[in-house]
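Single-letter residue listing:
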Amino acid sequence: MDSNSTPFKIILGSSSVARRQILAKMGYEFQIMTADIDEKSIRKEKPEELVMALAEAKADAVVSKLQIRDNQVKDGKPTLLIAADTAETRMHKPSFGDLEIDAGPTILITGDQVVVYEGMIREKPSSEEEARKFIKDYSGSTAQTVSSVLVTNLKTGFRRGEWDRVEISFHDIPDYVIDKLIEEGIVLHVAGGLLIEHPLVLPYVKELVGAIDSVMGLPKAVTERLIKEAL
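These figures come from a predicted structure and were not determined experimentally.

Asks: How would you sum up empty space enclosed by the protein? Please name residues and give values.
Replies: Following the criterion strictly, the structure yields 2 cavities of 30 Å³ or more and no others. Roughly 60 Å³ of internal volume is contained in the largest cavity. Along its surface, the largest cavity is lined by I135, Y138, F170, I173, L181, V187, G193, L194, L195 and V201. Taken together, the residues of the lining of the largest cavity sort by class into 9 nonpolar, 1 polar and no charged.

In structure tokens, the structure reads:
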């Protein structure tokens with residue numbers, strides 16, 4: 001996609017490097033606005049519900065920031081704000097006060113992700129020990145990622161989200177590989193300590209049922225469809 005031809009701006013409501021890379025590869029230019037929320041304060045029993053609830057909370061947090069910044073969108077182009085998470089679809093028309101009145105069409109996209117292993121939800125590891133346990137569990141076994149994308153048109157109130165699930169089966173992962181991953185530290189900052197695109201991990205991926213971009217946190221097909229629906 002030629003980003004210069006799009007009649008809107010995009011704000012990615014995420015600090016994830018992987019999501020930035022995916023959105024850039026989709027051909028979009030975008031701004032980044034992080035959502036500072038207490039993710040642990042939001043609890044749901046089902047992974048799909050959790051990732052959607054987190055995506056909505058992130059969207060609401062970004063909207064609050066935008067409401068304070070009344071100098072947003074002065075060039076007459078609609079702004080698309082994207083935030084991603086993992087959960088079930090919800091639809092409602094939120095109220096954005098002065099932002100909805102003063103700004104042009106603005107789309108917010110937020111998202112989140114969790115890993116499901118043996119029916120249990122896993123978020124970011126809380127320690128190196130937990131990260132090591134997570135990865136050891138995946139060795140010779142199967143895990144799933146559940147990722148959500150939520151798109152909100154801040155002018156019209158349109159809001160729609162969707163979640164995507166991918167199943168990953170692994171060969172046995174050697175201890176020395178796990179040691180290197182823990183030493184590197186990146187796995188401490190991703191859901192379930194799962195980082196299949198990493199060069200150390202990729203050779204041990206036995207089967208992937210779904211899209212790798214979804215595992216990385218931003219399913220392209222879902223994101224593109226929701227953007228089109230919101231405009």
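Asks: Quick rundown of the nonpolar core? Include the residues and the values.
Replies: The tendency in soluble globular proteins is for nonpolar side chains to be buried side by side. Residues Y138, I168, F170 and I196 are the most contacted members of the largest nonpolar core, which totals 25 residues. Contributions of two or more residues to this core are made by strand 4 (106-117), helix 4 (128-138), strand 7 (159-170) and helix 5 (175-184). Those residues in contact with I168 that lie beyond four places of it in its chain are S141, T142, A143, T145, L194, I196, V205, E207, L208 and V215.

Asks: Account for the layout of surface pockets, with residues named and values stated.
Replies: Roughly 750 Å³ of internal volume is contained in the largest pocket. Lining of the largest pocket is provided by 31 residues; of these, S16, R19, K124, H189 and V190 occupy positions nearest its centre. It is helix 1 (residues 17-25) that provides the largest number of residues to the lining of the largest pocket, a total of 4 residues. Split by residue class, the lining of the largest pocket holds 12 nonpolar, 11 polar and 8 charged.

What counts, and where the lines are drawn
- Residues numbered from 1 in each chain as written.
- Predicted model: local features only at pLDDT ≥ 70, side-chain atom pairs only at ≥ 80, totals over all residues.
- Heavy atoms only, no water.
- 1 Å grid on protein atoms, 1.4 Å probe; cavity = no way out; pocket = protein on both sides within 12 Å on 5 of 7 lines; lining within 4 Å.
- Points joined across faces, edges and corners; volume = space filled by probe spheres on them.
- Nonpolar A, V, L, I, M, F, W, Y, C, P; charged D, E, K, R; others polar.
- Core = buried A, V, L, I, M, F, W, Y, C linked by side-chain atoms within 4.5 Å.
- Buried < 20%, exposed > 50% of the residue type's maximum accessible area, 1.4 Å probe, protein only.
- Helix = DSSP H or I, 4+ residues; strand = E, 2+ residues; numbered from the N terminus.
- Contact = heavy atoms within 4.5 Å.

Any link to function would need more than the numbers given here.
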